[in-house]
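Below, each chain spelled out in residue letters.
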Amino acid sequence: CLIRIMKLMPSLRQKNRYVVFEIVADKEFSVLEVELEVVRILKDFFGQLGLSKASPLFLKEKFSSGKQRFVVKVNNKHVDELKAALTLSKSIKSTPVIIKSIITSGTLKKASLQLN
């Protein structure tokens with residue numbers, strides 16, 4: 001049986017956005033601590049159905065420990081909900097924090113420029 005792999009046309013593909021966030025706090029956090037908190041916040045805010053529609057993805061390799069910035073990839077229709085969810089976060093590991101969005105981009109390269 002010959003299986004033919006078909007590519008999706010660009011108009012049918014899911015369009016993504018990359019949102020860069022910065023953590024303002026008295027202490028620095030590790031990538032694991034930030035990832036766990038982001039996943040918890042998004043699960044609480046979106047719920048199971050919303051998570052599957054928005055398909056957010058925390059990009060570990062794009063975490064800047066010096067500036068405490070990170071990138072989340074999300075469906076382009078759910079960018080505002082992602083920003084709302086993360087800005088509502090009050091603490092990480094019982095340390096008060098403010099999470100603010102820096103930039104939203106359609107390409108990872110442009111978003112990565114904000115990490116340095």
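These remarks concern the structure in this document. The structure displayed is predicted, hence computed values, not measured ones.

Description of unusual backbone geometry
Moving on, step 1. The phi dihedral of Gln68 is positive, around 55 degrees, even though this residue is not glycine.
Moving on, step 2. By the secondary structure assignment, Gln68 is in the loop between β2 (57–64) and β3 (69–75).
Moving on, step 3. Take Gln68: its relative accessible area is 5%, and that puts it in the buried class.
Moving on, step 4. With a phi close to 55 degrees, Lys93 is a non-glycine residue in the positive phi region.
Moving on, step 5. Looking at where Lys93 falls in the secondary structure, it is placed in the loop between β4 (91–92) and β5 (95–96).

Here we look at the side chain of Ser64
Moving on, step 1. Here Ser64 lies in strand β2.
Moving on, step 2. A polar contact of 3.4 Å, which involves the side chain of Ser64, links it to the backbone nitrogen of Lys67.
Moving on, step 3. Residues within four places of Ser64 in sequence aside, it is in contact with Arg69 and Leu115.

Some thoughts on helix α1 (residues 31–54)
Moving on, step 1. The terminal C-alpha atoms of α1 lie 22 Å apart, and with 24 residues this falls more than 12% below the ideal 34 Å at 1.5 Å per residue.
Moving on, step 2. The sharpest bend along α1 comes to roughly 105 degrees, located at Gly47.
Moving on, step 3. What α1 keeps buried is the set Glu33, Val34, Glu35, Glu37, Val38, Ile41, Leu42, Phe46, Gly50 and Ala54.
Moving on, step 4. As for α1, its buried residues are in contact with β1 (16–24), β2, β3, α2 (79–87) and β4.
Moving on, step 5. Looking one or two places after α1, you find Ser55, whose phi comes out positive at around 45 degrees.

Remarks on the packing of aromatic side chains
Moving on, step 1. Within the structure shown, the criterion is met by three aromatic pairs.
Moving on, step 2. On the basis of an interplanar angle of 25 degrees and a centroid distance of 5.6 Å, the ring pair of Phe21 and Phe70 is categorised as stacked. Here Phe21 is found in strand β1, whereas its partner Phe70 is found in strand β3, with 49 residues between them in sequence.
Moving on, step 3. Here Phe21 falls in the buried class, since its relative accessible area comes to 0%.
Moving on, step 4. Here Phe58 and Phe70 contribute two aromatic rings whose centre-to-centre distance is 5.4 Å and whose plane-to-plane angle is 40 degrees, an arrangement assigned as tilted. Here Phe58, found in strand β2, pairs with Phe70, found in strand β3; they are 12 residues apart in sequence, far enough to count as distant. Of the two residues, Phe58 and Phe70, both sit in the buried class.
Moving on, step 5. Of the aromatic side chains, those joined through ring pairs into one cluster are Phe21, Phe58 and Phe70.

Cut-offs used in this document
Residues numbered from 1 in each chain as written. Predicted model: local features only at pLDDT ≥ 70, side-chain atom pairs only at ≥ 80, totals over all residues. Heavy atoms only, no water. Helix = DSSP H or I, 4+ residues; strand = E, 2+ residues; numbered from the N terminus. Buried < 20%, exposed > 50% of the residue type's maximum accessible area, 1.4 Å probe, protein only. Polar contact = N/O pair within 3.5 Å; in protein donor to acceptor, adjacent residues only side chain to side chain. Contact = heavy atoms within 4.5 Å. Expected span 1.5 Å × (residues − 1). Bend = angle between axes of the 7 residues up to and from the residue. Phe/Tyr/Trp six-rings, centres within 6.5 Å; stacked < 30°, edge-to-face > 60°.

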